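Working through the structure, step by step
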Amino acid sequence: MTNILFENARIVDGTADRPSDPVNVRIEGNMIREVGTSVSSASAERIDLSGKILMPGLIDAHVHVVASTADLGRNGQLPDTLVTVRAFKLMGEMLNRGFTTVRDVGGATSGLVAAALEASWPTPRLNISGKALAQTGGHCDYRGPFNDNPVQLRSFPLGALGRIVDGVPEVRRAAREEIKSGANFIKIMANGGVSSPTDPIHFLGFSREELLAVVEEAKNAGTYVSAHLYTDQAIRRAVECGVHSLEHCNLIGPETAKLAASRGAFAVPTLVTYDKLSSEGEAMGLPAASVAKVDDVRLAGMESLLIMREAGLQMAYGSDLLGGMHVHQSEEFVIRGRVLPAIDVIASATHIAARLLRVEGKIGTIAAGAFADLIVVDGNPLDDLTLLTRQGMHMPMIMKDGAFIKR
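Procedures and definitions
Residues numbered from 1 in each chain as written. Predicted model: local features only at pLDDT ≥ 70, side-chain atom pairs only at ≥ 80, totals over all residues. Heavy atoms only, no water. Disulfide = S-S within 2.5 Å. Buried < 20%, exposed > 50% of the residue type's maximum accessible area, 1.4 Å probe, protein only. Helix = DSSP H or I, 4+ residues; strand = E, 2+ residues; numbered from the N terminus. Pairing = 2+ DSSP bridges. Axes fitted to C-alpha atoms, helices over the stretch in contact; angles between N-to-C directions. Parallel < 35°, antiparallel > 145°, perpendicular 65-115°, else oblique. Left-handed = near helix turned anticlockwise from the far one by under 90°. Contact = heavy atoms within 4.5 Å. Nonpolar A, V, L, I, M, F, W, Y, C, P; charged D, E, K, R; others polar.

- In the annotation of an unreviewed UniProt entry, the entry for the protein reads Amidohydrolase family protein, and the organism field reads Neorhizobium phenanthreniclasticum.

1. Some thoughts on the state of the cysteines
- Scanning the entire structure with this criterion turns up zero disulfides.
- Left without a disulfide partner, cysteine 241 is nearest to the cysteine sulfur of cysteine 249, which lies 15 Å away.
- Cysteine 241 gets classed as buried once you look at its relative accessible area, which sits at 5%.
- With relative accessibility at 0%, the residue cysteine 249 sits in the buried group.

2. Side note on unusual backbone geometry
- Residue phenylalanine 206 is not a glycine yet carries a positive backbone phi of 75°.
- Among the secondary structure elements, phenylalanine 206 is positioned in the loop between strand S11 (186-189) and helix H5 (208-220).
- What makes phenylalanine 206 buried here is its relative accessible area of 5%.

3. Quick word on the sheet that holds strand S7 (residues 99-104)
- The sheet built from three strands is open, its strands ordered S6-S7-S8 with parallel pairing. Bordering the open sheet on either side are strand S6 (58-63) and strand S8 (125-128), each of which pairs with just one other strand. With direction set aside, neighbouring strand axes in the sheet form an average angle of 20°.
- As judged from the four bridges shared by S6 and S7, these two strands associate in the parallel manner. The residue bridging leucine 58 from the neighbouring strand is phenylalanine 99, located in S7.

4. Describing the packing of helix H4 (residues 168-180) against H5
- As a packed pair, H4 and H5 sit with axes 9 Å apart at the nearest point and diverge in direction by 25°. Taken together, the axes of H4 and H5 are roughly parallel relative to one another. Pair H4 / H5 crosses with right-handed handedness. Contact residues: Val168, Val171, Arg172, Ala175, Arg176 and Ile179 in H4; Glu209, Glu210, Ala213, Val214, Glu216, Glu217 and Ala218 in H5.
- Classifying every residue of the contact of H4 with H5 by side-chain character gives seven nonpolar, no polar and six charged.

This is the structure:
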């Protein structure tokens, strides 16, 4: 069983604008047992972190671990075995960037979670929505305008990010099925999207009655609804219907941001994906019609960060990258850091994301009783957020669940 004492650790966790004074952190098994200046252990392996920074493992609250290509329609046609192998590769790379927990917002299943727990190679902790819910012709309907084949109703491919449902009874059943199948929360597509062929960005997904129904089903199960959203109109409608997690939010306005904040909602901006879809999407397989949609949301993204910060809307870290663009996962830190203080950006990937995932105190923090998910950084990320990029180059140690992934 792991028994380690990190000594002289200066902690950066998004709660203070400078590193903590040096403390000792004792790890036993997969848990942090003690944190303090006088913590000691005669039997523990001692590791001196003088000159380095200790951080909680990072949390990415918007990923698609099954998305091995940017052409999501084609991704949904791949055999499950191939999708699984590629997903494990993507998850392993995420872990080696310091992301010890990821929230999958469409695609990953409880079967993949079980496989990750049983596999002999390490992956991040997985928090999943199962298959996202979308309406006919909405984001996740990849049939296109000339394909009127019936939609699949069950046994969804692992590579499919979502499922198509229409009307209140279908929405309720689908939400219940995803929860029954192990979803931690429900994801819905409540606005048009970039990657899908028949829904311009301004399209509203689902009726108010359908939104209210899925929110009620999530609340009945003790969880919440996350929604794909871009436009101010769509975001306001979703918030009014009780949606808790607002993904993307590029076109949000000040009054809607204030409303969302007053309701205790979270936003999960994903600016890096639009930056990379614009520059690399076509080469990575994104259809040309989708590439043309990217700038509709990309150019407003930076302003949305300032609007949401001014409104006091909690923002968690998200990347939303697809296929070969996953390598840019950590660059969201740098993009946000152009307009936000470093403490806010780090908080988005630590305690704020943990609160969104409803595991506050267990991840995203360095405290007694938390999981031993930790990264050691050469240098202070509060001064230089690029230290969290470059595929973990500046992270000499990464620990997940008390086990060293990198040392």
